[in-house]
Amino acid sequence: MATVCTAAYVYGIVQGVGFRYSTQRQAQKLGVTGYAKNCDDGSVEVLACGEQDAVDSLLAWIKQGGPRGARVDRLLTEPHPITPFETFTIRY
């Protein structure tokens, strides 16, 4: 299977509800690397790299609303150049 990287921009109630930490845990379960980062406009940027199926699973989990207390209103994704990460981190 090919490795892919996808940049995702998550809009809704996604800051202050543990969204980045829950996304990190889910990514680690799936073997996905990259990061989650709060953006100034209230959204969260997620860069997910790994096997296509694993990245798709993480994006599906995000689309379903992520953790309790979060609400995803919109998820925009775009391909991203392959970027080597060792783990999935939270950026500040």
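Quick caveat: nothing in here was measured; it's all calculated off a predicted structure. (Residues numbered from 1 in each chain as written. Predicted model: local features only at pLDDT ≥ 70, side-chain atom pairs only at ≥ 80, totals over all residues. Heavy atoms only, no water.)

Structural notes on helix α2 (residues 52–63)
Taking 1.5 Å as the rise per residue, α2 with 12 residues should run 16 Å; its terminal C-alpha atoms sit 16 Å apart, in good agreement. Among the residues of α2, those classed as buried are A54, V55, L58, L59, W61 and I62. Across the axial projection of α2, the buried residues extend over an arc of 155 degrees, all falling on one side. Contact partners of the buried residues in α2: β1 (3–13), α1 (19–30), β3 (44–51), β4 (71–80) and β5 (88–91). Following α2 by one or two positions, G65 has its phi on the positive side, about 120 degrees. (Helix = DSSP H or I, 4+ residues; strand = E, 2+ residues; numbered from the N terminus. Expected span 1.5 Å × (residues − 1). Buried < 20%, exposed > 50% of the residue type's maximum accessible area, 1.4 Å probe, protein only. Arc of directions from axis to C-beta. Contact = heavy atoms within 4.5 Å.)

A word on the nonpolar core
The biggest cluster of nonpolar side chains holds 21 residues, and the ones touching the most others in it are V10, F19, V32, V46, L58 and I62. Counting residues per element, the ones that place at least two in this core are β1, α1, β3, α2 and β4. Beyond its immediate chain neighbours, meaning those up to four positions away, V10 contacts F19, S43, V44, V46, I62, V72, R74 and L75. Core analysis: the second largest hydrophobic core is formed by 5 residues, A7, Y35, L47 and C49 among them. (Core = buried A, V, L, I, M, F, W, Y, C linked by side-chain atoms within 4.5 Å.)

With respect to the UniProt feature "domain: Acylphosphatase-like" (unreviewed entry) in the protein chain
UniProt marks residues 5–92 with the feature "domain: Acylphosphatase-like" (unreviewed entry), using the numbering shown here. Summarising residues 5–92: 27% helix, 42% strand, and an end-to-end C-alpha distance of 20 Å. (UniProt positions renumbered as here; feature names shortened; annotations may be inferred.)

Thoughts on the pattern of salt bridges
Applying the stated criterion across every chain, the model contains 2 salt bridges. Here K37 and E45 are joined by a salt bridge, their closest N and O atoms 3.9 Å apart. Of the residues examined, E45 reaches a relative accessible area of 13% and is grouped as buried. Where D73 meets R71, a salt bridge forms, and the shortest distance between an N and an O atom there is 2.7 Å. Here R71 falls in the partly exposed class, since its relative accessible area comes to 44%. (Salt bridge = Lys/Arg side-chain N within 4 Å of Asp/Glu carboxyl O.)

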